[in-house]
Amino acid sequence: MSSPRIAIVGAGISGICMAVALQRAGFADFTIYEKADDYGGTWRDNSYPGLVCDVPSRYYQFRFAKNPEWTHLYSAGPEIKDYLVGVAREHGLHRNTRFGTEVTGAEFDGEGWQVTTSDGATGRFDFVLCATGFLHHPTRPDIPGLDDFAGPVMHSARWRHDVDITGKRVGVIGTGSTGTQLVSAMAGNASEVVLFQRTPQWILPTVNRPYTRLSKWLYKRVPALGAVPYLFNRAAFAVFSQGLVHPGRVRKLIQWVVERHLKTVEDPELRAKLTPDYQAMCKRLVVSDRFYRTVQRPDVRLVTEGIDAVEQRGVVTADGRLHELDILVLATGFDSHAFMRPMAITGAFGRTLDQAWSAGPRAFEGVMMPDFPNLFMLVGPHSPFANHPLTAVAEAQSTRIVGWLQRWRAGEFTTIAPTHAATDRYNARMRAAAPSTVWTTGCTSWYLGKDGLPELWPWTPGAYEKLIRSAPNTADYQLNLRAASRS
Ligand code: N01
């Protein structure tokens, strides 16, 4: 039995998860390419003040690496990054990782992939596993004059720790999960925080609390206890996700909760400005118990007039007013539809990824594409996400991928890709299910693709896990069986 040569692109949550799954299945010949200089992906890139994961820590972790030391119910960004670095170290992944090396291209040569990196080197692999994430490429808004601003301008995912906000007038553009966390964290430190809101958000209240020493001690002493919060949160998220994908009681209940939360804003004029005109969860639900309190502070100003331009001294809004600022923060999100691009990927028959995805990212079961044999994706198009933890998605998908690699090792095939027919059927079923989801109820968001349909799995994450952990239907794939003679 030969062992495949495998390239993993990206060393974030899904890249680390995939690498550990390979190790555990006895696949030793793999290289992780990471363009940055550390593990962590989005948790490495995002280091803005106030970053806290809105999924409970004891759920937002790998099942194979439960951490008894989480300090809070909801962990801060640096703690999650340290956790991921720790998992990578514990598994000795540095031996397989090439930091500071960006994969710029990958070309299928009939039986495997020629991978090109930024240093001009090439390598040949039997499989390429793309673990590149989707909240990776910061979006810089197209606002006239942005480059003219005299002070520092920084995207939330490129936080400049050399810029001291103390006593400064800070403008924040964007009211997603990031903008709301940032404003809550900076108020009181900056002299004034001005939040430029294009669209209000529904906010789900939650209370963060530290774990007691006793609870940490117990989780350390009795690791099996880790299953309790995991299963509890899994059940809670299963109920929550019913509201995402079906109209009904859960959706109504969440709407009621967020509306009650909004009523904690006392000034009716401010409350009106903060009231969305779409259903809760249509955009990715923001979770915070601090935001409404923060926007009611005298040193925080909510601006709802559209932004016309940025000039040297600040932001000019449509009413002609200049909002003078010292620092400008762009909490304007990411190009979530890029996935593994700008990597130049060319599959079978010379078909490029840009050609294959000219109508938007499409995949089979979130992990493979027709015409791109032996190329797998983690958290690819139409994987479940929304507020669901990506650790769980990556674990389920890496199990499926390992299953195929084992069949390759057993000599069952040389190359594999899903058929066009299976992929078309799969995508048609998802399109048919999309109208029941909350994401199509009348808002814009990064969830929606070019066709206005969500690029998310339109059923519950549990249903996806069941599908991806079940035995694949061989009829949905084109297997090249020449390898039968290899083993
Ligand atoms: O980005 P977003 P994010 N002028 O795309 C506004 C995850 N996350 O970084 O709604 C003015 O949600 C835009 O306005 P509008 C999570 O999955 C998780 O906040 O398009 N405004 C919007 O308000 C999340 O969903 C955590 O009208 C402009 C904002 O910028 C994802 O990351 C924490 C504009 C962008 O919101 C992305 O969140 C943080 C313009 N030209 C993030 N362009 C956790 O807690 C854009 N906007 C785990």
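As named in an unreviewed UniProt entry, the chain is NAD(P)/FAD-dependent oxidoreductase, taken from Nocardia tengchongensis. As its UniProt record puts it under Sequence similarities (unreviewed entry), the chain is described as follows: "Belongs to the FAD-binding monooxygenase family."

1. Notes on the site of the ligand
Around the ligand sit 22 residues in total, of which Thr175, Thr178, Arg198, Thr199 and Lys283 are the nearest. Asp54 places a polar main-chain atom, nitrogen or oxygen, 3.2 Å from an oxygen atom of the ligand. Notes on the ligand: free accessible area 920 Å², of which the protein chains cover 84%. The dominant element in the shell around the ligand, judged by the number of residues it contributes, is helix α4 (residues 177-186), at three residues. A per-class count over the shell around the ligand returns nine nonpolar, nine polar and four charged. Both domains that meet at the shell around the ligand, namely domain 1 (6-137 + 335-480) and domain 2 (146-330), each give it at least three residues.

2. Let's talk about the packing of helix α1 (residues 13-24) against helix α11 (residues 390-409)
How two helices pack is summed up by the angle between their axes together with the distance between the axes. At a minimum axis distance of 9 Å, the contact between α1 and α11 shows a crossing angle of 40 degrees. Put simply, α1 runs oblique to α11. When you trace α1 past α11, the crossing you get is right-handed. Residue-level inspection shows Ile13, Ser14, Cys17, Met18, Ala21 and Leu22 of α1 in contact with α11, the latter providing Leu390, Thr391, Ala394, Glu395, Ser398, Ile401, Val402 and Leu405.

3. Description of the confidence of the model for the chain
For the chain, the mean per-residue pLDDT works out to 96, and 99% of the residues sit at or above 70. In this model, residues 483-487 is a region of pLDDT below 50 whose contacts with residues beyond four sequence positions or in other chains number 12 contacts.

4. Quick look at the domain arrangement of the chain
What the domain assignment lists for the chain is domain 1 (6-137 + 335-480) and domain 2 (146-330). For domain 1 and domain 2, the distance between their C-alpha centres works out to 27 Å. Carbon and sulfur atoms make up 57% of the surface buried where domain 1 meets domain 2, a total of about 4100 Å² over both sides. Three residues, Tyr48, Arg58 and Tyr59, lead the burial of domain 1 against domain 2; their summed loss comes to 19% of the area buried on that side. Here domain 1 and domain 2 share three salt bridges between them. Its salt-bridge partner being Arg284, residue Asp54 comes within 2.5 Å of it at the nearest N-O pair. Our enumeration of links across domain 1 and domain 2 arrives at 16 residue pairs in polar contact (both at pLDDT 80 or more). A class-by-class count of the residues in the side of domain 1 that touches domain 2 yields 22 nonpolar, 16 polar and seven charged.

5. Some points on the sheet that holds strand β4 (residues 103-108)
Note on sheets: strands pair through backbone hydrogen bonds, and any given pair is parallel or antiparallel. The mixed open sheet is built from four strands, whose spatial order is β6-β5-β4-β18. Pairing within the sheet leaves two strands with one partner each, and these edge strands are β6 (122-125) and β18 (344-346). Each strand axis lies, on average, 15 degrees off the axis of its neighbour in the sheet, ignoring direction. Across three bridges, β4 lies against β18 in parallel orientation. Opposite Glu107, over in β18, you have Thr346 as the bridge partner.

6. Observations concerning empty space enclosed by the protein
The gaps of empty space that remain are located by a probe, the size of a water molecule, rolled over the atoms. Per the counting criterion, the structure on display carries five cavities of 30 Å³ or more. Of the pockets and cavities examined, the largest cavity occupies roughly 100 Å³. Taken together, Arg362, His382, Asn427, Met430, Arg431, Ala434, Asp451, Leu453, Pro454, Glu455, Leu456 and Pro458 form the lining of the largest cavity.

7. What to know about the sheet that holds strand β16 (residues 322-324)
The strand order across the open sheet built from three strands is β14-β15-β16, with neighbouring strands paired in antiparallel fashion. At either end of the open sheet lies a strand with only one pairing partner, and these are β14 (307-311) and β16. Along the sheet, successive strands turn relative to each other by an average axial angle of 25 degrees, direction set aside. Here four bridges tie β14 to strand β15 (residues 314-317), and the two strands are oriented antiparallel to one another. Opposite Glu311, over in β15, you have Gly314 as the bridge partner.

8. As for the pairing of strand β5 (residues 113-117)
In the case of a regular strand, side chains alternate between the two sheet surfaces. On β5, burial follows the alternation: Trp113, Val115 and Thr117 on one face are buried, whereas Gln114 and Thr116 on the facing-out side are not. Both β4 and β5 contribute to a ladder of five bridges, which runs antiparallel. Across the sheet, Phe108 pairs through a bridge with Trp113, a residue of β5. Here β4 hands over to β5 after four residues, with Gly110 in that stretch at a positive phi of 110 degrees. The hairpin turn running from β5 into β6, its antiparallel successor, is four residues long, and Gly120 in that turn takes a positive phi close to 90 degrees.

What counts and what doesn't
Residues numbered from 1 in each chain as written. Predicted model: local features only at pLDDT ≥ 70, side-chain atom pairs only at ≥ 80, totals over all residues. Heavy atoms only, no water. UniProt positions renumbered as here; feature names shortened; annotations may be inferred. Near = heavy atom within 4 Å. Polar contact = N/O pair within 3.5 Å; in protein donor to acceptor, adjacent residues only side chain to side chain. Areas by Shrake-Rupley, 256 points an atom, 1.4 Å probe, with all protein chains shown as cover. Helix = DSSP H or I, 4+ residues; strand = E, 2+ residues; numbered from the N terminus. Nonpolar A, V, L, I, M, F, W, Y, C, P; charged D, E, K, R; others polar. Domains from an automatic or database assignment. Axes fitted to C-alpha atoms, helices over the stretch in contact; angles between N-to-C directions. Parallel < 35°, antiparallel > 145°, perpendicular 65-115°, else oblique. Left-handed = near helix turned anticlockwise from the far one by under 90°. Contact = heavy atoms within 4.5 Å. pLDDT = per-residue confidence, 0-100. Buried area = accessible area lost by both parts, 1.4 Å probe. Salt bridge = Lys/Arg side-chain N within 4 Å of Asp/Glu carboxyl O. Pairing = 2+ DSSP bridges. 1 Å grid on protein atoms, 1.4 Å probe; cavity = no way out; pocket = protein on both sides within 12 Å on 5 of 7 lines; lining within 4 Å. Points joined across faces, edges and corners; volume = space filled by probe spheres on them. Buried < 20%, exposed > 50% of the residue type's maximum accessible area, 1.4 Å probe, protein only.

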